[in-house]
Amino acid sequence: MRRRIFAANWKMHHDPLAAASFALRFEELSSPVEGRHLWFFPPAVSLATAAEAFGRRPDISVGAQNVYWEAKGAFTGETSPLMVAGCGGRGALVGHSERRHVFGETDAETVKKVKALIAQRLIPMLCVGEKLPEREAGHTADVVRRQLRAVLTEITVTEAAELLVAYEPVWAIGTGRVAQPQDAAEVHRVIRTVLHEHRVPGRVPVLYGGSVSLANVAGLLAEDEIDGVLVGGASLDPAGWASIVAAGT
Ligand code: PGA
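This next bit is on the layout of surface pockets. Reported here for the largest pocket is a volume of approximately 510 Å³. Lys11, Gln65, Asn66, Arg99 and Phe103 are, among the 21 residues lining the largest pocket, the residues nearest its centre. When the residues that make up the lining of the largest pocket are grouped by side-chain class, the tally is 11 nonpolar, 6 polar and 4 charged. If you add up the space inside the second largest pocket, you get close to 310 Å³. As for the second largest pocket, its lining consists of 17 residues, and the residues nearest its centre are Arg3, Ile5, Leu164, Arg203 and Pro205. Elements represented by at least two residues in the lining of the second largest pocket include exactly strand S1 (4–9) and strand S2 (36–41). Each residue belonging to the lining of the second largest pocket can be placed in one class, and the counts come to 8 nonpolar, 2 polar and 7 charged.

Put into structure tokens, the structure is as follows:
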């Protein structure tokens, strides 16, 4: 049976109170389905609340949107994988386009974050994707290969087999411009080829993200290459998110 992953990236939305009421409402609207797994990535301040609120649901995991690679110390404003685990988190996004392009995160930093998460037995969801000028110049595959290889050359194949990968073209994030399912699938094939070249065993789930909505989720998930979706704006409302999850299942 094909497994599907629906991941909600709340970005800088939903404080603990909002996260708790979201969870309550969402659980009324969406029951577990075999072969389907849900992830929620709330802001760090709401992580413990969300992890507790969804704690009874084995089909739901909660993770952080970002981590720092040290376990503790004088790193004002940062959150370590150890702390994420302490909040009941099971993983974290790494290299999200806003981390890379708003906060200047480098490939080298994504590697350190992935390794720190693995060391803490947390699941990294590594985000990769090209900017519009890179796509227009025909460099999409090169960019995605570079971002992925930076990580794969620094971890073992067994560790790599535990990764989740999200392809998120930067030009599609929060813009309402979604990649055509066939175009996304083509990049997913590039990702799979790189995983294969690095001899990563099994099928690493590859998700698509960028303006996923109720209108396009089924079309995207109809592609064999697309194992799930990572959704920002359209995941913020419990009823809206429950309908997207249902439409894509
Ligand atoms: P969006 O964001 O669904 O609002 O485009 C996706 C993401 O940034 O993960």
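Here we come to the site of the ligand. Around the ligand, the structure places 13 residues, and the nearest of them are Lys11, His96, Glu168, Gly174 and Ser211. Interatomic distance of 2.9 Å between a backbone N/O atom of glycine 233 and an oxygen atom of the ligand. Here the ligand has 280 Å² of accessible area as a free molecule, and 95% of this is covered by the chains. By residue class, the composition of the shell around the ligand is 4 nonpolar, 7 polar and 2 charged.

Right, let's get into empty space enclosed by the protein. Applying the stated criterion across every chain yields a total of 1 cavity of 30 Å³ or more. Of the pockets and cavities examined, the largest cavity occupies roughly 40 Å³. Lining the largest cavity, in full, are Gly95, Ser97, Arg100, His101, Cys127, Val128, Gly129, Gln147, Glu168, Val170 and Ile173. Taken together, the elements giving at least two residues each to the lining of the largest cavity come down to helix H4 (97–101) and strand S5 (123–128). Top contributing element to the lining of the largest cavity by residue count: H4, with 3 residues.

Thresholds, definitions, all that
- Residues numbered from 1 in each chain as written.
- Predicted model: local features only at pLDDT ≥ 70, side-chain atom pairs only at ≥ 80, totals over all residues.
- Heavy atoms only, no water.
- 1 Å grid on protein atoms, 1.4 Å probe; cavity = no way out; pocket = protein on both sides within 12 Å on 5 of 7 lines; lining within 4 Å.
- Points joined across faces, edges and corners; volume = space filled by probe spheres on them.
- Nonpolar A, V, L, I, M, F, W, Y, C, P; charged D, E, K, R; others polar.
- Helix = DSSP H or I, 4+ residues; strand = E, 2+ residues; numbered from the N terminus.
- Near = heavy atom within 4 Å.
- Polar contact = N/O pair within 3.5 Å; in protein donor to acceptor, adjacent residues only side chain to side chain.
- Areas by Shrake-Rupley, 256 points an atom, 1.4 Å probe, with all protein chains shown as cover.

Such coordinate-based values are descriptive only and should not be taken to indicate function.
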